[in-house]
Structure formats: C-alpha cells, structure tokens
Amino acid sequence: MSTEAGFLAALAGFEAMTTARLAWLVADRPASEAFAIATGATRPPVPIAALFARTPTLAACWRAEGARREPDRCAAECADLGVQVIRAGAPGYPAQLLDDPRRPTVLFVRGDPAALDARRVGIVGTRNATQRGRETAASFGHDLAAEGVVVVSGLARGIDGAAHRGALATDGAPPVAVVGSGPDRPYPVIHERLWDAVARRGALISEWPPGTAPDAFRFPLRNRIIAALVEVLVVVESRESGGSLITAREAFERGVDVFAVPGPIGLRSAVGTNMLLRDGAAPATDVADVLMSLGLDRRRAGRSRFDSRPRPTGLEVHLLEACRTEPATVEQLALRTGQGVADVAMGLARLERSGWIRETAGWFEAVEEWADLA
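Residues numbered from 1 in each chain as written. Predicted model: local features only at pLDDT ≥ 70, side-chain atom pairs only at ≥ 80, totals over all residues. Heavy atoms only, no water.

K.L.:
Looking at this structure, how should I read the side chain of R69?
P.N.:
Along the chain, R69 turns up in the loop between α5 (56–68) and α6 (71–81). Although R69 lies buried, it forms no salt bridge, and the closest oppositely charged side chain, E65, sits 5.4 Å away as judged by the N-O distance. Here A10 takes part through its backbone oxygen, which lies 2.9 Å from a polar atom of the side chain of R69. Non-local contacts of R69, meaning those with residues more than four positions away in its chain, are made with A9, A10, G13, F14, F35, C74 and P209. (Helix = DSSP H or I, 4+ residues; strand = E, 2+ residues; numbered from the N terminus. Buried < 20%, exposed > 50% of the residue type's maximum accessible area, 1.4 Å probe, protein only. Lys, Arg positive; Asp, Glu negative; His and termini not counted. Salt bridge = Lys/Arg side-chain N within 4 Å of Asp/Glu carboxyl O. Polar contact = N/O pair within 3.5 Å; in protein donor to acceptor, adjacent residues only side chain to side chain. Contact = heavy atoms within 4.5 Å.)

Here it is as structure tokens:
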C-alpha cells in the first residue's frame, strides 16, 4: 500500500512538474488523489483540466511518469536513504516557510529539520571565490555557529562550502543546507563528504526527491528557499550577476536584512557585493555586525569593558600613533606623516569626533581609555 510520502515523492519527480503545478495538484487533497488526477486515473478539476487543454502533451507525459515513478518504490527509496518527506503544514515543515507566497509544497530532508528552530543567518556568494573570500566565509560561519546561530547556505563550490566548513569546525549550532538537486545527489561531487557532514550534524533540505539531477534551473528556485528561511543574509563575494544576487533580491522582497562584505574596487568577485552596498545593503565588516542585527551582540556582556569607538583606518591610524607618542600640532603631524595640512586636519577631526584624541589649545593627544572622555 503506497504511503503519502511515496505519492509526494513520485509527483515531485515528474517530468515537467513545476512548483506551481505541484501546488495546484495537492492543494486541499491527499497526495494519492493528486497522483490519480495527474496520471489520468481520476477526472481532473477545472484548473488541471485547463492546464491539460493548453498543453496537450502534458497529460500523456504524466501518464507515462506515473508508470515510471511507482509510489511504493519512491517511498522505499526515501526510507533507505534516510530522507524524510515533509508536506507543507505537516510536523517538521519549517514554520518560516508556511506563509511564504512561493513556499515549497513538499521538502525532502536528510537530518533534523528542528535545526531551523534556532536563530538563522544565510551566507552565500560566488562559486569563483578568492582565497580571501573563502577565509571570510569560513570565519563568519565559524563565529556565527559558535554563538548559537544556524548557518544556512547552498553547499555550492566557493563561498557556500567555505561557510559550512566554518560552521562545522565548532561544536555550536548545527548547519542547514538547501540544495539544488535530490538530497542524494551531491553537487559538486567533491562536496560529497561535506553534504554528509551537514546532514549528520544539522539538516540538508531539497525541494526535489532522491535521484533528481542538479539541473541549472533548479538553483534559482533553491535560492528563494534560502532567503525565506533566514533572518539575515550575508553575501561575502559576488560577481555582477549570479545566484547570490538572486538570493539577495529574494531576501529584499521578503524584508530580510541583507549584508554585503565590501571588496576592492575593480575586483570582479566584489562587483556584486559593492553593488548591493550601493543599493542599500548593510556592510558586514565583522561578524559582530550580523550579531547586532539579530540582537545577539555580546561584546557588552559580562564585566569586561567594551570599546565602542569606530576603528581608525588609513591616515587616521598613523595620526593616532603619532599623537600617542606626545601631543602635537597639526603642522607637526603633517611633517611626521608626510601628508598635507588639510588632510591631516580632516583626519584629526574624525579621530576627535570618534573619541580617539582630544584637542587642547591647538595640541592633539591620544585618549587611551573611553572612560577618559567622561
């Protein structure tokens, strides 16, 4: 006797089965009835009949698919692989997806979907990542997981894989992956062990049943699920187009906070992230930026002191070091740094405004402790 899981797994794997068509088929009816409608064993309701009328070859295609994808066999395959088949609204289905206008009708999950019950941050980026980008993604993944935040990504080559490796390197929150093929079809193949590790520690989620190939069209669809699952999305590196920008757009549409790691102008892997910053994304220069967005910044916790002053950069670093040696005037600092008086004066103004130096009668000296400003 075929189970609900078998009928769902069979339908989700039909040729020409889109996310919208599957939603129509199973809406408010058992999966067994939906299977009968799709394969012609039961008279279709008006929307499906109209669909068959518009695309005459579809009805024949699905009849053939029904014979090829036998529900008992599909259910057994999922069970053998340890894949849970979770229909929208059933126990284990992520609550974050329930009200999404493009929610998946069914999910195929290896691992524990309860991993999503914690705070969640998505980390995505280009497959053609630089070494710096991979290191940044791994660092963010590690530090977020160590703080109890679930790292959600797509297990792709480059940034995604690095983020999950970082998350797996700590005993913190379990990672969650949303993939663009069947949960038994690692892509890229070199990530097979990484897929297994994510499924073992957290959850590996797919919209498609076992055996589904990593066709190109599935990855943009996968990205909407990542965007819908997370509270914050961090794009580490991105070219001028690609999947990470699609995920960012999906996140913007859902009101999810989007962060981007700034990159050097002219570096192709930073073009997309710099575009996101231009278009309103927040800069992520440290994992603390993301934790603050979640309300989880712990730098002020406990009895340890916390210096909230913005860190000096560029010329400001050299000016601060010079002021630490002894008090100096603008002219003296211009001589010591080899910079113009106007540039030095602006740098000193920024340092004074940030609380790093104080000025007394034209002499500038460093303020070593924030408490000294009181």
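Read on, since the account is not over.
K.L.:
Is there a simple way to explain the packing of aromatic side chains in this structure?
P.N.:
The description of an aromatic ring pair rests on the distance of the ring centres and on the angle between the ring planes. Throughout the structure, instances matching the rule amount to five aromatic pairs. Where F7 meets F35, the ring centres are 5.4 Å apart and the plane angle is 55°; that geometry is what we call tilted. Residue F7 is located in helix α1 (residues 4–12), and its partner F35 is located in helix α3 (residues 31–38); the two are separated by 28 residues in the primary sequence. We note that F7, like F35, is buried. Summarising the aromatic geometry, the rings of F14 and W62 are spaced 6.3 Å apart at their centres and angled 55° between planes, so their arrangement reads as tilted. Taken together, the residues span a long stretch of sequence, with F14 in the loop between α1 and α2 (19–26) and W62 in helix α5 at a distance of 48 residues. (Phe/Tyr/Trp six-rings, centres within 6.5 Å; stacked < 30°, edge-to-face > 60°.)

K.L.:
Teacher, can you tell me more about the packing of helix α10 (residues 218–229) against helix α11 (residues 243–253) here?
P.N.:
In a packed pair of helices, the relevant descriptors are the angle between the two axes and the axis-to-axis distance. Interaxial distance between α10 and α11 falls to 8 Å at its minimum, and their mutual angle equals 45°. Viewed along their axes, α10 and α11 adopt a mutual orientation that is oblique. Note on packing geometry: the crossing formed by α10 with α11 is right-handed. Residues P220, N223, R224, I226 and A227 of α10 form the contact with α11, whose own contacting residues are G243, I246, T247, E250 and A251. Residues that form the contact of α10 with α11 fall into these classes: five nonpolar, three polar and two charged. (Axes fitted to C-alpha atoms, helices over the stretch in contact; angles between N-to-C directions. Parallel < 35°, antiparallel > 145°, perpendicular 65-115°, else oblique. Left-handed = near helix turned anticlockwise from the far one by under 90°. Nonpolar A, V, L, I, M, F, W, Y, C, P; charged D, E, K, R; others polar.)

K.L.:
Looking at this structure, I do not really get the nonpolar core. What am I missing?
P.N.:
Core analysis: the largest hydrophobic core is formed by 31 residues, its most contacted members being L97, V152, V176, I205, L233 and L276. Elements supplying a minimum of two residues to this core: β2 (106–111), β4 (150–153), β5 (176–179), β6 (203–206), α10, β7 (232–235), α11 and β8 (257–260). Among the elements that line this core, the one with the most residues is α10, at five residues. Setting aside residues no more than four positions away along its own chain, L97 makes contact with R103, P104, L107, I225, A228 and L229. Counting 28 residues, the second largest nonpolar core, distinct from the first, contains F14, V26, F52 and A59. (Core = buried A, V, L, I, M, F, W, Y, C linked by side-chain atoms within 4.5 Å.)

K.L.:
Got a minute to help me understand unusual backbone geometry in this structure?
P.N.:
Most peptide bonds take the trans form, and the phi angle of most residues other than glycine is negative. Look at the link from Y187 to P188: it is a cis peptide, with omega at -5°. Mapping P188 onto the fold places it in the loop between β5 and α9 (192–201). The backbone of A16 shows a phi angle near 65°, a positive value even though the residue is not glycine. Looking at the secondary structure, you find A16 in the loop between α1 and α2.

K.L.:
How should the packing of helix α4 (residues 46–54) against α5 be read in this particular structure?
P.N.:
Where α4 contacts α5, the two axes come as close as 4 Å, and the packing angle between them is 110°. In terms of orientation, α4 and α5 fall into the roughly perpendicular class. Residues L51, F52, A53 and R54 of α4 pack against P56, L58, A59 and W62 of α5.

K.L.:
What is the right way to read empty space enclosed by the protein from this model?
P.N.:
It is a probe the size of a water molecule, rolled over the atoms, that shows where empty space is left. All chains considered together, the criterion is met by one cavity of 30 Å³ or more. Taken as a whole, the largest cavity holds about 50 Å³ of empty space. Taken together, R132, T136, V236, E237, V261, P262, G263, P264, L267, S269, A270 and T273 make up the full set of residues lining the largest cavity. Counting only elements with at least two residues in the lining of the largest cavity, the list comes to α7 (131–146) and α12 (268–278). (1 Å grid on protein atoms, 1.4 Å probe; cavity = no way out; pocket = protein on both sides within 12 Å on 5 of 7 lines; lining within 4 Å. Points joined across faces, edges and corners; volume = space filled by probe spheres on them.)

K.L.:
Help me understand the sheet that holds strand β3 (residues 120–124) in this model?
P.N.:
Each strand in a sheet pairs with its neighbour through backbone hydrogen bonds, running either in the same direction (parallel) or in the opposite one (antiparallel). Pairing in this open sheet of nine strands is mixed, and the strands run β1-β2-β6-β5-β4-β3-β7-β8-β9 from one edge to the other. The strands lining the two open edges of the sheet, one partner per strand, are β1 (83–87) and β9 (282–283). This element, α1, spans β1 and β2 of the sheet and lies at about 110° to β2. On the sheet, α10 packs against β3, β4 and β5 and is oriented at approximately 150° with respect to β5. (Pairing = 2+ DSSP bridges.)

K.L.:
Help me out: how do you make sense of the environment of V256 in this one?
P.N.:
Looking at the secondary structure, you find V256 in the loop between α11 and β8. In sequence terms V256 and G243 are 13 residues apart; their C-alpha atoms lie 17 Å from each other. Not counting the four nearest positions on each side in its chain, V256 is found in contact with A227, V230, E231, V232, L233 and A251.

K.L.:
How should I be thinking about the pattern of salt bridges in this particular structure?
P.N.:
Side chains that differ in charge, positive against negative, can pair when their charged atoms come close. Tallied over the entire structure, the rule returns 16 salt bridges. Close ionic contact of R224 with E207 constitutes a salt bridge, the shortest N to O distance being 2.8 Å. Separated by 17 residues along the polypeptide, R224 in helix α10 and E207 in the loop between β6 and α10 bring together distant segments of the chain. Residue classification places E207 among the buried residues on the basis of a relative accessible area of 7%. Between R324 and E321 there is a salt bridge whose closest N-O contact spans 2.8 Å. A residue pair is termed a helical-turn pair when its members lie 3 or 4 positions apart in one helix, as R324 and E321 do in helix α14 (residues 315–325) at three residues. Taking the relative accessible area as the measure of exposure, R324 reaches 36% and is therefore partly exposed.

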